[in-house]
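# Understanding the architecture of this molecule
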Amino acid sequence: MKSYRQILVLLLVAMMLLSSVGCTQFVASTEEPASGDEAVTNQLDPADQVPAIEFWIQTQAADPIRYEAGLMVAESWKELGFEVDAQTREWASMSAEGMKAHEHDAFMVKWGGKPERVDPYHWLYSMHHSSAADEGGYNIAGYINPVYDALAEEFATNLDLEARQSAAMEMQELLARDVPQPPMFKLELKNAYNQAKFTNVTPGVGLGVYSFWNFMNITPKTDDKILNLGQVNDINLLNPLATKTGQDIYMLKNIYDPLVRLDVKGEAVLWLATELNEIDDTTIEITIRDDVKFHDGEPLTVEDVKFTFDFAKEVNSPTYKGHVKSIESVEITGENTVTFKLFEPYAPFISNTLSQCLILPKHIWSKAYEEKGAEGVLTWDNLPAIGSGPFVFDYWRPNEEFALKTNKEYFQKPKIDAIIRTPYAQAIGLVQGLVAGEVELTSANMLPLDLEAVAKNPDIAIVELPDEGSYIIHYNMRTAPFDDVYARRALTMAIPRQKIIDVVLDGGGLSTFSLISETNEFWFNPDVEQLDFNLDAARKELENAGYRWDDKGRLYYPENFQVTPIMPE
Amino acid sequence: MKNIFKLFKKNIIGIIGLSIFMFFVLVAIFADQLAPYDPMEIQFFAEGGVKRLLSPSMGHLLGTTYMGRDIFSQMVIGTRIAVLVGVISAVCVAFIGTNIGLIAGYFGGIVERILMGIVDVMYGIPFLPFALILVSVLGPGVQNVILAIVLITWRNSSRVIRAQVLSLKNRTFIEAAKLSGASDFRILYKHIAPNVVPVSLIYVSTSMASAIMSESSISFLGLGDPMQVSWGRILFTCYQSQAMFKAPWWVLPPGIAITLLVLSGYMMGRAFEEIANPKLRER
Amino acid sequence: MRLAKYLFKRLIIVFITLFILVSIVFLMFRVIPGDPVSMFIDSGLDAESQQLMMKLYGLDKPIPEQYIIYMKNLFRGDLGNSFTYGKSVVEVISERFLNTLVLTLTSLMIAFTLGIKTGSFLAWHRNSKIDLVGTILALIVRCAPVFWTGMILLSIFAFKLEWLPLGGMTSVGQNFTGFWDKILSLDFLKHLILPAITSALYSMATPTLLMRTSMLEVIKEDYIELAYAKGIPEKKVRRRHAMRTALLPVVTIFAVQAGLAIGGSVLVETVFRWPGMGREIVLAVSSRDYPMAQGAFLFIGFATIVFNLIADVLYAYLDPRVSLG
């Protein structure tokens with residue numbers, strides 16, 4: 001009896017000791033605001049203290065880069081005197097609460113530089129126009145600036161390129177000054193291929209060697225004309241109306257054709273269309289090729305073109321929705337011509353709408369619609385996927401292999417006979433596969449350790465290409481302290497860009513100050529203000545705005561503080 | 001009732017287990033003093049480069065990680081989470097499991113049916129997938145990992161405790177207590193409970209072992225507390241960084257530590273088993 | 001008759017358990033932060049498109065209604081469509097489940113064959129040094145985290161020696177005509193060895209220790225003494241008489257272990273990139289693919305319960321002392 005109590009007591013004591021040890025650690029790690037000792041601080045009103053920042057960073061499992069970079073940013077902000085509560089979030093909840101609901105303080109995201117973002121409509125209009133600041137809109141920071149809005153509208157609706165360009169330059173200047181959601185850095189992407197077996201590798205903007213142009217141009221050096229493509233993840237869904245991931249969409253672009261394609265630099269080139277005729281601001285007449293057939297032998301006609309756009313609207317395709325919503329109607333106006341009527345002038349119509357909407361075979365999809373209904377069509381796996389493109393769907397064994405073969409009757413023939421795409425599930429397996437010669441091409445970014453590993457095989461060549469997207473911190477101008485432009489500027493100057501690049505990316509990155517990549521020469525403004533890492537300048541910025549620090553280094557608002565949301569002229 | 005403490009002292013396996021356990025407890029308590037560096041701090045060379053993947057040396061006893069963090073310090077600080085999770089979950093599991101077993105066994109009838117029904121259902125829940133979802137719901141954090149462990153593992157002890165109670169219920173001393181007008185509560189906790197303590201202690205020790213294993217598994221899947229260093233997370237980071245083939249000094253220590261601490265739990269459990277079941281002692 | 005009644009009773013419990021499991025998981029997913037469509041906001045799925053997606057997935061309806069629809073479909077054996085793959089959950093899961101089953105059963109076979117041999121060997125040499133060392137070794141292996149053992153085996157046999165592949169289930173470019181063709185191929189076997197051995201090591205301790213204990217009990221029985229007295233050679237006694245009797249409890253534990261191993265398969269599958277159920281559940285949870293995760297959970301839960309049931313029935317059937325209650 002007695003002894004059992006002894007053991008129990010022992011255990012309890014041990015437990016309490018441990019939990020107290022644990023608790024002190026928890027407390028230490030979150031650094032509670034010391035509200036109990038106002039008396040000690042030098043007469044600063046505790047109500048004036050700058051509120052703590054809840055900073056969401058990606059989980060380590062999802063993206064080690066964002067996780068490590070996030071920790072470094074949080075540390076640096078603390079040094080300025082801000083209170084930072086760094087929390088990791090899964091992407092699923094971060095996107096729902098931040099990207100969509102805009103309930104964040106600040107979080108870090110990597111925005112991809114897709115070809116359709118070369119026309120910077122997404123970066124400059126969608127992400128910063130005040131109309132997109134409501135829930136679900138892309139103006140995640142809640143940037144509201146009437147001057148900017150006017151420029152953005154000019155940029156979006158004026159069909160004159162020069163006018164658009166000059167608006168874009170000015171908009172970039174405003175953004176660099178007001179920093180609603182500063183870009184920080186971007187990767188220097190490295191794709192690998194086997195140069196003993198293939199040549200003429202043609203990476204495209206934003207996609208690297210996963211680009212359509214690479215699959216069209218890559219040329220075998222040997223008799224083995226099958227291209228073994230290794231990727232980390234598998235294809236998920238080949239339904240053009242319902243697919244969501246880039247890996248699927250860009251693979252579908254090999255099977256299906258759009259009216260216009262974006263070339264390696266992201267500029268629109270005619271594809272199924274042979275002629276674009278802008279009749280007025282809202283009417284575009286398009287002539288299409290008459291020699292294209294779907295893979296089942298049926299010819300591709302204007303009927304299919306009209307059908308695609310009408311059908312996408314009718315079944316409410318989530319993938320097409322954003323692209324087709326500017327279209328009022330599509331009419332067949334000739335044997336090979338269709339006329340698009342838009343609700344209002346939309347400058348990126350050709351580069352962003354026509355290039356993204358893949359033309360579907362009417363005979364297949366109208367039949368599917370009869371059988372399955374609107375919802376059924378969107379949940380359909382669409383196998384085998386029948387398009388009109390240069391590659392024909394061959395077979396797909398999920399998690400093992402996905403194969404395309406060349407369309408022999410196509411108007412422009414690829415140099416290879418087939419693509420076999422293998423998902424490796426993990427980068428390390430992929431790297432080993434490359435070294436062993438199992439795969440000859442991958443668009444997975446090679447990290448420093450991967451490069452060391454592939455160096456073992458002298459046949460592996462590396463293509464370097466700049467990333468067109470960047471890592472961004474989305475501030476939230478709807479909440480303090482991000483509502484004040486001086487606080488935002490100071491916080492931006494406390495982002496240790498170069499240190500992150502050196503430590504986390506092992507040197508494989510570049511600091512960025514505009515959302516538009518400097519390789520995108522037409523739109524990029526090189527002369528914007530660069531709020532690079534400089535803690536002294538950051539302190540100065542705060543000091544000049546009247547911010548104060550107590551003797552523990554904690555940051556307080558100026559006396560009689562008035563929020564300045566954007567820089568006064 | 002035999003003297004558990006004395007018996008335990010005679011049990012070599014138990015003593016070894018306890019010593020290993022106490023060693024880790026001491027490391028956990030004095031972790032701050034023992035760790036030469038902040039486990040999350042990135043170490044730089046004097047000339048500025050990151051100390052990536054250094055093999056063990058005097059400066060870094062167990063070498064460094066790819067991000068230049070000191071592995072020895074991570075190991076030492078990581079002990080805290082392991083011991084904390086182990087002990088708290090074990091005590092909670094044994095407490096809940098024992099009480100449910102006691103109540104079900106003693107009262108019988110509808111109470112027993114409901115409680116044992118719940119236990120049956122719990123047995124159908126696969127632990128790791130459940131923990132995965134639960135941690136996703138509640139967010140990563142040590143307390144949630146403990147909660148997940150406790151929610152599932154209490155089932156193990158309650159069945160056995162109930163069986164024990166059933167065999168005790170009709171013994172004469174219980175009958176005597178009943179006749180003398182003792183309340184149910186008193187009989188349950190004064191007369192029956194002390195007799196199931198050895199069995200309960202088996203579950204304290206083995207639950208501790210399985211809780212430590214579970215915590216490291218959850219951390220290895222990347223769902224542990226992201227702001228705390230734990231052994232499972234060291235292994236996760238190592239696996240994820242693709243450096244695991246190059247840096248044995250990074251892979252080996254956390255695994256060995258987990259093995260030892262888990263082992264200590266099972267060894268103590270075995271000792272209590274021999275105490276609880278005299279038949280085993282003769283072998 | 002009694003067995004039939006017992007089975008019937010147990011099946012009802014199985015049914016209720018599954019029902020509760022599904023309900024809990026269903027609810028848990030509705031309170032999990034995040035949703036399956038806003039994740040794609042950065043790849044160009046704008047607010048309107050997201051709403052369309054939600055509607056398509058049936059997530060725009062109130063939760064009780066979603067629950068009723070899900071349950072109704074479940075009774076018809078329809079687990080819905082995966083948000084990620086756009087295919088029916090049953091189709092995707094049954095393939096992954098088969099992969100998991102192949103791995104788990106292979107590893108358990110190895111574990112039990114070796115474990116039974118080792119256990120009886122240790123018992124035969126009871127109280128010797130071999131017995132002590134063996135018992136301790138078995139315990140240690142039991143305590144090593146399975147993902148860690150896997151990492152070490154990978155480093156040695158796949159990376160250093162390059163004898164075996166680094167992971168996955170088959171090599172690139174293999175073309176199999178069917179399930180059996182794949183399972184019986186050399187390539188598949190090569191991929192299977194390391195993960196199977198890793199989890200076999202982990203589950204070996206239970207049959208080993210159990211067999212040892214069980215053998216110790218049997219050895220004391222009269223008929224073994226009798227066999228000796230008859231002058232039958234030791235090896236034969238051990239194999240013919242002692243082992244056979246001692247096997248009973250070990251065999252029953254097989255089913256319990258199988259249930260546990262399937263639940264724990266996620267770790268080995270993660271380390272070796274085995275395209276099984278466990279990995280699928282991790283992916284489905286992180287991408288908020290509710291039907292997929294619910295389905296996978298249901299399958300694993302079902303397997304666990306069925307194996308538990310088999311264990312109980314076997315135990316009751318083999319050991320008449322246990323009352324069927």
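Just so it is clear, the model here is predicted, and its values are computed rather than measured.

Analysis parameters
Residues numbered from 1 in each chain as written. Chains lettered and ligands numbered in written order. Predicted model: local features only at pLDDT ≥ 70, side-chain atom pairs only at ≥ 80, totals over all residues. Heavy atoms only, no water. Helix = DSSP H or I, 4+ residues; strand = E, 2+ residues; numbered from the N terminus. Buried < 20%, exposed > 50% of the residue type's maximum accessible area, 1.4 Å probe, protein only. Lys, Arg positive; Asp, Glu negative; His and termini not counted. Charge placed at Lys NZ, Arg CZ, Asp CG, Glu CD. Contact = heavy atoms within 4.5 Å. Areas by Shrake-Rupley, 256 points an atom, 1.4 Å probe, with all protein chains shown as cover. pLDDT = per-residue confidence, 0-100. Pairing = 2+ DSSP bridges. Axes fitted to C-alpha atoms, helices over the stretch in contact; angles between N-to-C directions. Salt bridge = Lys/Arg side-chain N within 4 Å of Asp/Glu carboxyl O. Core = buried A, V, L, I, M, F, W, Y, C linked by side-chain atoms within 4.5 Å. Domains from an automatic or database assignment. Patch = residues over 30% accessible without salt bridge, like charges linked within 9 Å, V, L, I, M, F, W, Y side chains within 5 Å. Parallel < 35°, antiparallel > 145°, perpendicular 65-115°, else oblique. Left-handed = near helix turned anticlockwise from the far one by under 90°. Nonpolar A, V, L, I, M, F, W, Y, C, P; charged D, E, K, R; others polar. Buried area = accessible area lost by both parts, 1.4 Å probe. Polar contact = N/O pair within 3.5 Å; in protein donor to acceptor, adjacent residues only side chain to side chain. Expected span 1.5 Å × (residues − 1). Bend = angle between axes of the 7 residues up to and from the residue. Phe/Tyr/Trp six-rings, centres within 6.5 Å; stacked < 30°, edge-to-face > 60°. Lys NZ or Arg CZ within 6 Å of the ring centre and 35° of its normal.

Attention shifts here to the overall build of chain B. Helix and strand counts for chain B come out as twelve helices and zero strands. Each helix (α) and strand (β) of chain B, taken in turn from the N terminus, gives the series α-α-α-α-α-α-α-α-α-α-α-α. Once the C-alpha set of chain B is aligned to its principal axes, its extents read approximately 85 × 45 × 30 Å. When the 283 residues of chain B are sorted by exposure, 62% land in the buried category. With 23 positive and 14 negative side-chain charges, chain B shows a spacing of 10 Å between the two charge centroids.

Turning our eyes to something else, we now look at the overall build of chain C. Helix and strand counts for chain C stand at twelve helices and zero strands. The helix and strand sequence of chain C, counted from the amino end, reads α-α-α-α-α-α-α-α-α-α-α-α. The dimensions of chain C, computed from C-alpha atoms along their principal axes, are 85 × 55 × 35 Å. For chain C, buried positions account for 53% of its 325 residues. The contacts in chain C between residues at least 6 apart in sequence include a share of 75% that link residues at least 24 apart. As displayed, chain C offers around 14900 Å² of accessible surface, 68% of which is attributable to carbon and sulfur atoms. Treating the 31 positive side-chain charges of chain C as one cloud and the 23 negative ones as another, the clouds have centres 11 Å apart.

Further remarks concern the confidence of the model for chain C. Fine structural detail should not be taken from predicted coordinates in areas where pLDDT scores are low. Residues and elements named next belong to chain C. The predicted model of chain C has a mean per-residue pLDDT of 84, with 94% of residues at 70 or higher. Predicted confidence in chain C is weakest over helix 9 (residues 222–229), with a mean pLDDT of 71, and strongest over helix 6 (residues 146–160), with 91. With a pTM of 0.87, the predicted complex shows an ipTM of 0.89.

Residues and elements named next belong to chain A. Spatially, the four strands line up as an open sheet ordered 10-11-13-12, and their pairing is antiparallel. A strand with exactly one partner marks an edge of an open sheet, and here the two such strands are strand 10 (273–280) and strand 12 (327–332). Neighbouring strand axes in the sheet, compared pairwise and without regard to direction, differ in orientation by 20° on average. The strands touched by helix 9 (residues 302–314) within the sheet are strand 11 (283–288), strand 12 and strand 13 (337–342), with strand 12 carrying the most contacts at an inclination of about 155°.

With that settled, the discussion passes to the pattern of salt bridges. Residues and elements named next belong to chain A. Throughout the structure, instances matching the rule amount to 37 salt bridges over all chains. Residues Glu-518 and Lys-186 are paired through a salt bridge, measuring 3.2 Å at the closest nitrogen-oxygen approach. Within this pair, whereas Glu-518 is found in the loop between strand 20 (509–511) and helix 17 (535–544), its partner Lys-186 is found in strand 4 (residues 183–194), the two being separated by 332 residues in sequence. The exposure class of Lys-186 is buried, given its relative accessible area of 2%.

Moving on, we get to the side chain of C:Glu280. All names here are of chain C. Counting through the fold element by element, Glu-280 comes out in helix 11 (residues 277–286). Judged by its relative accessible area of 5%, Glu-280 falls in the buried class. Those residues within four positions of Glu-280 in sequence are excluded, and the remaining contacts are Tyr-85, Arg-96 and Met-292.

Residue and element names in this part refer to chain B. Positionally, Ile-71 belongs in helix 4 (residues 71–107). Residue Ile-71 is classed as buried on the basis of its relative accessible area, which comes to 0%. Distance in space between the C-alpha atoms of Ile-71 and Ser-216 is 16 Å, their sequence separation being 145 residues. Excluding residues within four positions of it along the chain, Ile-71 makes contact with Leu-62, Gly-63, Thr-64, Thr-65, Trp-249 and Trp-250.

Okay, the nonpolar core next. Ranked by size, the top nonpolar core spans 351 residues in total, and within it A:Phe55, A:Trp77, A:Leu259, A:Phe309 and A:Phe340 carry the most contacts. Residue contributions to this core peak at 18 residues, all from helix 9 (residues 184–220) of chain B. When we break this core down by domain, the ones giving at least three residues each are domain 1 (2–75) and domain 2 (93–318) of chain C. Not counting chain neighbours up to four residues away, the residues in contact with A:Leu259 comprise A:Leu270, A:Trp271, A:Leu272, A:Ala273, A:Ile286, A:Ile288, A:Val305, A:Phe309, A:Phe340, A:Leu354, A:Cys357 and A:Ile359. If you look at the next biggest cluster of nonpolar residues, it comprises eleven residues, including A:Leu430, A:Ala444, A:Ala453 and A:Ile460.

Okay, a nonpolar patch on the surface next. A surface patch of nonpolar side chains, about 800 Å² in accessible area, is lined by C:Phe8, C:Ile12, C:Phe15, C:Ile16, C:Phe19, C:Ile20, C:Ile24 and C:Phe75. Considering each element in turn, the nonpolar patch owes the most residues, seven residues, to helix 1 (residues 2–31) of chain C.

Turning our attention to the packing of helix 6 (residues 127–138) of chain B against helix 1 of chain C. Packed helices, taken two at a time, are described by their axes: the angle between them and the distance between them. Look at helix 6 of chain B against helix 1 of chain C: their axes get within 9 Å of each other, and the N-to-C directions meet at 30°. By the angle between their axes, helix 6 of chain B is roughly parallel relative to helix 1 of chain C. Crossing of helix 6 of chain B against helix 1 of chain C: the hand is left-handed. Where helix 6 of chain B approaches helix 1 of chain C, its residues B:Phe130, B:Ile133, B:Leu134 and B:Val137 are matched on the opposing element by C:Ile24, C:Val25, C:Met28, C:Phe29 and C:Val31. Across the contact of helix 6 of chain B with helix 1 of chain C, the residue classes tally to nine nonpolar, no polar and no charged.

On to the interface of chain C and chain B. Between chain C and chain B, the residue contacts involve 49 residues of the former and 35 residues of the latter. For the pair chain C and chain B, the summed buried area comes to about 3900 Å², and 79% of that belongs to carbon and sulfur atoms. At the junction of chain C and chain B, the tally comes to zero salt bridges. At the level of secondary structure, the elements contributing two or more residues to the side of chain C that touches chain B comprise helix 1, helix 5 (129–143), helix 6, helix 8 (186–219), helix 10 (234–272), helix 11 and helix 12 (290–318) of chain C. Top element by residues in the side of chain C that touches chain B is helix 1 of chain C. It accounts for nine residues. Residue composition of the side of chain C that touches chain B, grouped by class: 33 nonpolar, eleven polar and five charged.

Take the pairing of strand 16 (residues 418–423) of chain A next. Residue and element names in this part refer to chain A. With six of six residues buried, strand 16 lies mostly within the body of the structure. Along strand 16, one buried face is formed by Ala-418, Ile-420 and Thr-422 and the opposite face, lined by Ile-419, Arg-421 and Pro-423, is buried too. Pairing of strand 7 (residues 226–231) with strand 16 involves six bridges; the strand directions are parallel. Directly across from Ile-226, in strand 16, lies its bridge partner Ala-418. Judged from the four bridges that link them, strand 15 (residues 401–406) and strand 16 form a sheet pairing that is antiparallel.

Our next topic: the packing of helix 9 of chain A against helix 12 (residues 362–379) of chain A. Residues and elements named next belong to chain A. Orientation of helix 9 relative to helix 12, taken along the N-to-C sense of each, is 5°, at an axis distance of 12 Å. As judged from the angle between their axes, helix 9 and helix 12 are roughly parallel. On helix 12, the residues touching Glu-303, Asp-304, Phe-307, Phe-311 and Glu-314 of helix 9 are Lys-362, His-363, Trp-365, Ser-366, Tyr-369 and Val-377. Partitioned by chemical class, the residues of the contact of helix 9 with helix 12 number five nonpolar, two polar and four charged.

To continue, consider the domain arrangement of chain C. Residue and element names in this part refer to chain C. With domains assigned, chain C is organised as domain 1 (2–75) and domain 2 (93–318). A separation of 32 Å is found between the C-alpha centroids of domain 1 and domain 2. In this complex, domain 1 contributes 23 residues to the contact, which on the side of domain 2 involves 17 residues. Around 1900 Å² of area is buried between domain 1 and domain 2 when both sides are counted, 78% of it from carbon and sulfur atoms. The largest per-residue losses of area from domain 1 upon contact with domain 2 belong to Arg-10, Leu-18 and Phe-29, which jointly make up 26% of the total buried on that side. Across the contact surface, domain 1 and domain 2 share zero salt bridges. Between domain 1 and domain 2 we count four residue pairs in polar contact (both at pLDDT 80 or more) in total. Looking at the side of domain 1 that touches domain 2, the elements with two or more residues in it are helix 1 and helix 3 (63–75). If one sorts the elements of the side of domain 1 that touches domain 2 by residue count, helix 1 sits on top with 14 residues. When the residues that make up the side of domain 1 that touches domain 2 are grouped by side-chain class, the tally is 18 nonpolar, two polar and three charged.

This next bit is on helix 8 of chain C. Between its first and last C-alpha, helix 8 of chain C extends only 42 Å over 34 residues, short of the 50 Å set by a 1.5 Å rise per residue. Helix geometry: helix 8 of chain C is bent most strongly at C:Ser203, by close to 40°, with proline C:Pro207 lying one to four residues after it.

This part covers the packing of aromatic side chains. Inspection of every chain in the model, using the stated rule, returns 47 aromatic pairs over all chains. When the centroid spacing of 6.2 Å and the interplanar angle of 55° are considered together, the rings of A:Trp77 and A:Tyr475 count as tilted. Taken as a pair, A:Trp77 in helix 2 (residues 64–80) and A:Tyr475 in strand 19 (residues 470–475) lie far apart in primary sequence, 398 residues in all. Ring pairing ties together the aromatic residues A:Phe212, A:Trp213, A:Trp271, A:Tyr410 and A:Phe411, which thus form one cluster. Here the guanidinium or amino end of B:Arg52 rests over the ring plane of B:Tyr66, the centre of that ring lying 4.8 Å away.

This part takes up the environment of A:Ile428. Structurally, A:Ile428 is set in helix 13 (residues 427–436). As for A:Ile428 and A:Val485, which are separated by 57 residues in sequence, their C-alpha atoms are 44 Å apart. If we ignore the near neighbours within four places in the chain, the residues touching A:Ile428 are B:Gln242 and B:Phe245.

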